[in-house]
Amino acid sequence: MKVNKYSLFVDLVCALLITTLVQTILPFNINRIIGFGLFFISFFLLLDKKNKKHFKILFLSGISVLFSFFMTSNISINLSNSIYWLIAIWLIFISKDTLFQKKMLIAFKKEKKKIHATIIISDIILGISFLDPQSYKITYSERYFVGFTVHQHTLASAACLVMCLILVDLCTNNESRNKFSIKYFILIFLPIVTVLEASARIFIVPAIIIVAYMYVYKIEKVSLKLVVLPIAMIIMGVLFINSNIFERMINISTANSDAYTSGRTVFWLADIRAFMQSGIINKIFGHGFEYVQKINLKVTNMAIGAHNDYITLLLGVGILGCLIYILVLIREVKYIFKLKSFIKEVMLLFFWVIPSFINGFYGYQLLLYSYLFFKLVILKDSDYKKDYFNVNININNRM
């Protein structure tokens, strides 16, 4: 069967979003199957443009992951984290390529009905989950909205992806400048509330960026902007003050200094100390991705990650893996600064830079896909006179 891998990639991301939103009520973990599918699709997308740089990043990242399997004591954890990391590196690396951008934008157009259906289904699931008492969890006397997902951070990242899909839907609505309608206010309302109720502070950053972008660049009429702004500020203010995340911030403000980072500074120091005490081989190639959880278990009595991409990678895949990630991100930063729009540059940078340091970026795959889709929308809008949806290229590339 002939398959267009770009369209398949979009379809799998949409499928992953929906299955994540109902993950706890599904009879089995279908996310793992979809995740493997996205891994292989990302591999083929990387090789779609056959040049030395693409083969080099494939070889180096592959070598780094291979060594991590020799070092690890938990194959399952190392496998899942390796897949997350490789997908992130490969997709961020190729997202700079014009051919990839054009083919993805064409895939958006081709799959617009599925994207719109995904948004509607996601909003329905979020609406139902708000009404279900089982969607709320209490941990350490704090109340979290998790919906039908496994964790509030997972839910918040899913909400960010819904918001980005709304932007994509708006992007594919017209082939020139896109017109904003009231339906987009309705569609984006529940994802915004979800981020606030999930109490996942770091996801407020991409959520605010998406909403700000929609307001600044998608509402063209000044009169409409003037009407929308005060109404939106009042609604958002009321929602924020009555949200779980506001209550959590109040509690943190009256606690000790470690509470501002939710105790991260405590285990960050322990993780860095563990890296410095490692042997030369482990410093270069890491201990495997589960090692950071072992360190943090001793410090916090919880087998948690580092909540920081760079510390996670130093311990997981060593200096080699961390350096690969940093070099790919530096390449991304250089590309972003070519947009020659300060606001858009800041939006794209803050979208992933802050999460990567404070909570983690590549490990939250839905947040990664949110960034990728958000970036493609910005690129399309920044050069909208070019007819990306009808360029003379063969989009039916076969796998």
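Residues numbered from 1 in each chain as written. Predicted model: local features only at pLDDT ≥ 70, side-chain atom pairs only at ≥ 80, totals over all residues. Heavy atoms only, no water.

## Some thoughts on the overall build of the protein
Secondary structure assignment for the protein yields 18 helices and two strands. Here the contacts in the protein between residues at least 6 apart in sequence split such that 77% fall between residues at least 24 apart. Surface exposure of the protein reaches about 18,300 Å², of which carbon and sulfur atoms provide 68%. (Helix = DSSP H or I, 4+ residues; strand = E, 2+ residues; numbered from the N terminus. Contact = heavy atoms within 4.5 Å. Areas by Shrake-Rupley, 256 points an atom, 1.4 Å probe, with all protein chains shown as cover.)

## Examining unusual backbone geometry
If you check the backbone angles, Asn-301 has positive phi at about 65° while not being a glycine. Residue placement: Asn-301 occurs in the loop between α14 (291–300) and α15 (309–316). Of note, Lys-340 is a non-glycine position whose phi angle comes to about 60°, a positive value. Locating Lys-340 in the fold gives a position in the loop between α16 (318–336) and α17 (342–358).

## Quick word on the packing of helix α2 (residues 30–46) against helix α4 (residues 75–94)
Packing of α2 against α4 leaves a shortest axis separation of 9 Å and a crossing angle of 35°. At the point where α2 passes α4, the crossing takes the left-handed sense. Residues Gly-35, Phe-36, Leu-38, Phe-39, Ser-42, Phe-43, Leu-45 and Leu-46 of α2 form the contact with α4, whose participating residues are Leu-79, Ile-83, Leu-86, Ile-87, Trp-90, Leu-91, Phe-93 and Ile-94. In terms of residue class, the contact of α2 with α4 is made up of 14 nonpolar, two polar and no charged. (Axes fitted to C-alpha atoms, helices over the stretch in contact; angles between N-to-C directions. Left-handed = near helix turned anticlockwise from the far one by under 90°. Nonpolar A, V, L, I, M, F, W, Y, C, P; charged D, E, K, R; others polar.)

## Comments concerning the nonpolar core
Ranked by size, the top nonpolar core spans 107 residues in total, and within it Phe-9, Trp-85, Tyr-369, Phe-373 and Phe-374 carry the most contacts. Take this core: its biggest share by element is 15 residues, from helix α7 (residues 152–171). Excluding residues within four positions of it along the chain, Phe-374 makes contact with Cys-164, Leu-167, Ile-209, Ile-210, Tyr-213, Met-347, Leu-348 and Phe-351. Within the second largest apolar cluster, ten residues are counted, among which are Ala-274, Phe-275, Ile-295 and Ala-306. (Core = buried A, V, L, I, M, F, W, Y, C linked by side-chain atoms within 4.5 Å. Buried < 20%, exposed > 50% of the residue type's maximum accessible area, 1.4 Å probe, protein only.)

## Comments concerning the packing of aromatic side chains
Counted by the stated rule, this structure contains 19 aromatic pairs. Plain terms: the ring middles of Tyr-136 and Phe-145 are 5.1 Å apart, the flat faces sit at 40° to each other, and that makes the pair tilted. The exposure class assigned to Phe-145 is buried, which follows from its relative accessible area of 0%. Positioned above the aromatic ring of Phe-93 is the side chain of Arg-331, whose terminal nitrogen or guanidinium carbon lies 3.9 Å from the ring centre. Over the aromatic face of Tyr-217 sits the side chain of Lys-344, whose NZ or CZ is 4.7 Å from the ring centroid. (Phe/Tyr/Trp six-rings, centres within 6.5 Å; stacked < 30°, edge-to-face > 60°. Lys NZ or Arg CZ within 6 Å of the ring centre and 35° of its normal.)

## So, α17
Along its 17 residues, α17 runs 23 Å from first to last C-alpha, staying within 8% of the 24 Å computed at 1.5 Å per residue. Along α17, the sharpest change in direction is near 30° and occurs at Phe-350. Lys-344, Glu-345, Met-347, Leu-348, Leu-349, Phe-351, Trp-352, Pro-355 and Ser-356 are the residues of α17 that are buried. For α17, the elements touching its buried residues are α7, α9 (204–218), α15, α16 and α18 (365–382). Immediately downstream of α17, the backbone of Gly-360 shows phi near 120°, a positive value. (Expected span 1.5 Å × (residues − 1). Bend = angle between axes of the 7 residues up to and from the residue.)

## Observations regarding the packing of helix α8 (residues 182–197) against α9
For the pair α8 and α9, interaxial distance at closest approach is 10 Å and the crossing angle is 155°. One element, α8, and the other, α9, form an angle in the roughly antiparallel class. Considering only the axes of α8 and α9, their crossing is left-handed. Note on element contacts: α9 touches α8 through Ile-204, Ala-207, Val-211 and Met-214, opposite Ile-188, Ile-192 and Val-195. Here the residues of the contact of α8 with α9 sort into seven nonpolar, no polar and no charged. (Parallel < 35°, antiparallel > 145°, perpendicular 65-115°, else oblique.)

## Here we look at the side chain of Asn-296
With respect to the helices and strands, Asn-296 occurs in helix α14. The exposure class assigned to Asn-296 is buried, which follows from its relative accessible area of 0%. For Asn-296, the contacting residues outside a window of four places in its chain are Phe-267, Asp-271, Asn-301, Met-302, Ile-304, Gly-305 and Ala-306.

## Some thoughts on α16
Helix length check: α16, at 19 residues, gives a terminal C-alpha distance of 27 Å against a target of 27 Å (1.5 Å per residue), a fit within 8%. If you check which residues of α16 are buried, you get Gly-318, Gly-321, Cys-322, Ile-324, Tyr-325, Val-328, Leu-329, Arg-331, Glu-332, Tyr-335 and Ile-336.

## A short note on the confidence of the model for the protein
Mean pLDDT over the protein stands at 85; residues scoring 70 or higher make up 82%. The weakest mean pLDDT in the protein belongs to helix α11 (residues 244–253) at 54; the strongest belongs to helix α1 (residues 5–21) at 97. A low-confidence stretch, residues 257–261 (pLDDT under 50), is modelled with nine contacts involving residues beyond four sequence positions or located in other chains. Segment residues 389–399: pLDDT under 50, and 34 contacts once partners within four positions in sequence are set aside and those in other chains are kept. (pLDDT = per-residue confidence, 0-100.)

## Some words on a nonpolar patch on the surface
A surface patch of nonpolar side chains, amounting to about 430 Å² of accessible area, comprises Phe-36, Phe-40, Phe-44, Ile-75 and Leu-79. Of all the secondary-structure elements, those providing two or more residues to the nonpolar patch are α2 and α4. In terms of residues, the nonpolar patch owes the most to one element, α2, which gives three residues. By secondary structure assignment, the location of Leu-79 is in helix α4. Look at Leu-79 and you get partly exposed, because its relative accessible area is 35%. (Patch = residues over 30% accessible without salt bridge, like charges linked within 9 Å, V, L, I, M, F, W, Y side chains within 5 Å. Salt bridge = Lys/Arg side-chain N within 4 Å of Asp/Glu carboxyl O.)

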